[in-house]
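The chain contents come next:
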Amino acid sequence: MRLSAYFLPLLRENPSEAQIVSHRLMLRAGMIRQSSAGIYSWLPLGLRVLKKVERIVREEQDAAGALELLMPTIQPAELWQESGRYEDYGKEMLRITDRHERAMLYGPTNEELITDIFRDSIKSYRDLPKNLYHIQWKFRDEVRPRFGVMRGREFLMKDNYSFDLDVKGAKHSYFKMFFAYLRTFARMGLRAIPMRAETGPIGGDLSHEFIVLAETGESQVFCDRAWLESEILDMAVDYDSDLEPQFLRWTSLYAATGDIHDAKACPVPEDRLVTARGIEVGQIFYFGTKYSAPMKAVVAGPDGEPVPVEMGSYGIGVSRLVGAIIEASHDEAGIIWPESVAPFKVGLVNLRAGDRRCVAAADDLYARLTRAGVEVLYDDRDDSPGAKFAAMDLIGLPYQLVVGPRGLDKGVVELKKRAGGARQELSPEAALTLLGGG
Ligand code: 5CA
């Protein structure tokens, strides 16, 4: 992509409304634009990151055996009346009346709708287990939308729902998602710690929140220091094996959110206990028959008797993750994207837009990288080198490849790694090979 043809409205100044670094950098880097409180447009650069985050989430769901579908954003109120949550949800739910005076709502989550789909189609235990997910916009009329996409009113969530015949099966589904989540966040370069948590309005008695530690996080959390000393939690998982021993091993290391942490009962000695703030990037719930019983989602069991299915639900804040990744990976100059979610892999900078030799060399690198499938943002504009470097540092692409007249005299270009800032001069051919374009 040539920057001269792109839409990248960068801001020089720090926007006064942004209180935390990720919000500031997302606005300054032209990733998002607020449309009203807690509601954002995703501009081209931001959307590329959102899509990459979404792709990793999708790949890990698919690998764990979950099936993707797509439910609508607008739901009928009756389903929520059936589960008993229509009144409970209060003002956080955006209620809508259609032209026929039917009560509708903009979905804050999907337990009811998925249970309705399930009960219509699945009648026998032989068709279990099932795990269905979608990646869809949600609306929660938060009292205090803030911190940009971290706590929005409209936000993108991956939510899935598991259906099993019995508790053992439901726990296996829960463990699968537990490990799928560890892998998902690790692939984004995040250390997300699974913490025992309160279930809140979703219900149930087993729940973990996945928390990225950050001073600006909204949750108060407690964990064993060992969580911070371990490698990032990326491991191969055989989803068909018995996952309970592995789950118990992971969760034997203490980690709990402030809601359930009890200082008196805490097993961790004080000198090993980390008290910190964190960002909740995902939460998983096992809630048994909380929805299937009132909504009559039953299957015929092996003896022919009807059994309400055992359910769990699992959420990931896809749009929130974009902010969380920035909170975890930035410096004074701007964002530092992990390669897996970077909007482009390489920022190609031509320092002299008016110099024929520089243009020819940069155009050639651009063409060859693009042809090889490497994602390049090519700054071909006529601007000062200082402004170009500042823009590249701000938007945080993993590599900057710089073409200038002095380097070309020596037959070299400069390659800078955004993380750590290491630079090296090398031939254009060598740079291409290193970036996967040779
Ligand atoms: N139905 C369950 C699981 S599918 C559910 O709704 N869980 S949740 O309430 O915990 O939300 C799932 C994830 O969505 C959270 O972990 C968080 O990362 C994200 N999330 C929740 N509220 C917001 C919000 N207002 N803005 C951005 N992300 C949010």
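Values in this document were obtained by computation on a predicted structure and should not be read as measured data.

As a further point, take the overall build of the protein chain. Scanning the protein chain from N- to C-terminus turns up 13 helices and 23 strands. The C-alpha radius of gyration computed for the protein chain amounts to 24 Å, which stays within 12% of the reference 22 Å derived for 438 residues, consistent with globular compactness. For the protein chain, the C-alpha atoms occupy an extent of roughly 80 × 60 × 40 Å along the three principal directions. Every one of the 438 residues in the protein chain was classed for burial, and the buried ones make up 54%. Within the protein chain, counting contacts between residues at least 6 apart in sequence, those at least 24 apart form 72% of the total. About 19500 Å² of surface is accessible on the protein chain, with carbon and sulfur atoms providing 49% of the total. Seen as two clouds, the 55 positive and the 63 negative side-chain charges of the protein chain have centres 5 Å apart.

The next thing to look at is the domain arrangement of the protein chain. Segmenting the protein chain into domains produces domain 1 (6-335) and domain 2 (346-435). Spacing between the C-alpha centres of domain 1 and domain 2 amounts to 39 Å. Across the boundary between the two partners, domain 1 contributes 13 residues, which contact eight residues of domain 2. Together domain 1 and domain 2 conceal approximately 910 Å² of surface at their shared face, both sides included; 60% is due to carbon and sulfur atoms. When residues of domain 1 are sorted by the area they lose upon contact with domain 2, Leu10, Ala333 and Ile335 head the list and together hold 41% of the total. In this structure, the salt-bridge partner of aspartate 331 is arginine 418, at a minimum N-O distance of 2.8 Å. Taken together, the links from domain 1 to domain 2 amount to six residue pairs in polar contact (both at pLDDT 80 or more). Top element by residues in the side of domain 1 that touches domain 2 is helix α2 (residues 44-63). It accounts for three residues.

A word on the nonpolar core. Met31, Val53 and Trp337 are the most contacted members of the largest nonpolar core, which has 75 residues in total. Examining the composition of this core, we find that 10 residues originate from one element, helix α6 (residues 167-187), more than from any other. Two domains each put at least three residues into this core: domain 1 (6-335) and domain 2 (346-435). By size, the runner-up hydrophobic cluster in this structure holds 25 residues, among which are Met71, Leu105, Leu128 and Met295.

Residue proline 129 follows leucine 128 across a cis peptide bond; omega there is -5°. Looking at where proline 129 falls in the secondary structure, it is placed in the loop between α5 (111-121) and β7 (130-139). Its identity is not glycine, yet glutamate 101 carries a phi of approximately 65°, on the positive side. Take glutamate 101: it is sitting in the loop between β5 (94-97) and β6 (103-106). The backbone phi angle of phenylalanine 147 is positive, close to 60°, even though this residue is not glycine. Among the secondary structure elements, phenylalanine 147 is positioned in the loop between β7 and β8 (154-164). Residue class for phenylalanine 147 comes out buried when judged on its relative accessible area of 12%.

Where burial is concerned, most of helix α1 (residues 21-28) is hidden: seven out of the eight residues are buried. All of the buried residues in α1 are Val21, Ser22, His23, Leu25, Met26, Leu27 and Arg28. Where α1 ends, the next residue or the one after it, glycine 30, has phi of about 65°, a positive value.

Each value, and the rule that gives it
Residues numbered from 1 in each chain as written. Predicted model: local features only at pLDDT ≥ 70, side-chain atom pairs only at ≥ 80, totals over all residues. Heavy atoms only, no water. Helix = DSSP H or I, 4+ residues; strand = E, 2+ residues; numbered from the N terminus. Rg over C-alpha atoms; globule rule 2.2 N^0.38 Å. Buried < 20%, exposed > 50% of the residue type's maximum accessible area, 1.4 Å probe, protein only. Contact = heavy atoms within 4.5 Å. Areas by Shrake-Rupley, 256 points an atom, 1.4 Å probe, with all protein chains shown as cover. Lys, Arg positive; Asp, Glu negative; His and termini not counted. Charge placed at Lys NZ, Arg CZ, Asp CG, Glu CD. Domains from an automatic or database assignment. Buried area = accessible area lost by both parts, 1.4 Å probe. Salt bridge = Lys/Arg side-chain N within 4 Å of Asp/Glu carboxyl O. Polar contact = N/O pair within 3.5 Å; in protein donor to acceptor, adjacent residues only side chain to side chain. Core = buried A, V, L, I, M, F, W, Y, C linked by side-chain atoms within 4.5 Å.

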